[in-house]
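Summary of structural features
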Amino acid sequence: MSRTQLRIGQGYDAHRFQEGSGVVLGGVHIDYEKGMAAHSDGDVVLHALCDALLGAAALGDIGKHFPDSDASYKGIDSRVLLRHVHALLNDRHCMIINIDITVIAQAPRLSPYIEAMRETIAEDLALSIGCINVKATTTEGMGFEGRGEGIAVHAIALIEEA
């Protein structure tokens, strides 16, 4: 008899701002006066999501699969990383049930980009947009996010493993 198991994973990532001309969050370019300091494209949303998915499948973390010491990942589009993580889950017969993401940033204002992020993530994971939730909050000026020094993201993923 075949048995399925529900598994949950949690991911967190944070990047500081640096000089630049925009950020990429959830696979969506957002015009902003700063960029993200990172080895890849700095998409903190997709990095946290990759960690949540990898964690749910007990496959380690993003640093294990895509180490920043590997020059081949320099500047890489994080959507490529997410699609690779999705393939790893498929290989293990894991189906994503739903994803919930919280972006913590004082700026830029993210509400105009939330739906595009949901659509991009749903496309990359071959999911219905109804399985993806993205929300943004500020810290009312507290912490590194509130001081405008960077962005943090928490992500949770529920998967079913056959």
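Here we summarise the structure given alongside this text. Quantities reported herein were computed from a predicted structural model and do not represent experimental measurements. (Residues numbered from 1 in each chain as written. Predicted model: local features only at pLDDT ≥ 70, side-chain atom pairs only at ≥ 80, totals over all residues. Heavy atoms only, no water.)

Quick look at the overall build of the chain
When its secondary structure is counted, the chain shows five helices and seven strands. Taken from the N to the C terminus, the helices and strands of the chain come in the order β-β-β-β-α-α-α-β-α-β-α-β. Its C-alpha atoms give the chain a radius of gyration of 15 Å, within 12% of the compact-globule value 15 Å for 162 residues. Referenced to the eigenvectors of the C-alpha coordinate spread, the extents of the chain come out at roughly 55 × 35 × 25 Å. Here the contacts in the chain between residues at least 6 apart in sequence split such that 71% fall between residues at least 24 apart. With the model as given, the accessible surface of the chain reaches about 8,000 Å², and the carbon-plus-sulfur share is 51%. One way to put it: in the chain the 13 positive side-chain charges average out to a point 4 Å from where the 22 negative ones average out. (Helix = DSSP H or I, 4+ residues; strand = E, 2+ residues; numbered from the N terminus. Rg over C-alpha atoms; globule rule 2.2 N^0.38 Å. Contact = heavy atoms within 4.5 Å. Areas by Shrake-Rupley, 256 points an atom, 1.4 Å probe, with all protein chains shown as cover. Lys, Arg positive; Asp, Glu negative; His and termini not counted. Charge placed at Lys NZ, Arg CZ, Asp CG, Glu CD.)

As for the nonpolar core
By size, the foremost hydrophobic cluster in this structure holds 47 residues, and its most contacted members are Leu53 and Ile101. Counting only elements with at least two residues in this core, the list comes to strand 2 (23-25), strand 3 (28-30), helix 1 (44-56), helix 3 (78-91), strand 5 (94-104), helix 4 (114-125), strand 6 (132-137) and strand 7 (150-161). Ranked by residue count, the leading element in this core is helix 1, at ten residues. Discounting residues that sit within four places of it in the chain, Leu53 has contacts with Leu82, Val85, Leu89, Ile96, Leu125, Ala157 and Ile159. (Core = buried A, V, L, I, M, F, W, Y, C linked by side-chain atoms within 4.5 Å. Buried < 20%, exposed > 50% of the residue type's maximum accessible area, 1.4 Å probe, protein only.)

Notes on the pairing of strand 7
Judged from the twelve bridges that link them, strand 1 (residues 5-19) and strand 7 form a sheet pairing that is antiparallel. Bridge pairing links Gly11 to Ala155 in strand 7. Where strand 5 meets strand 7, ten bridges bridge the pair, whose relative direction is antiparallel. When the sheet's bridge partners are listed, Ile99 is paired in strand 7 with Ala157. (Pairing = 2+ DSSP bridges.)

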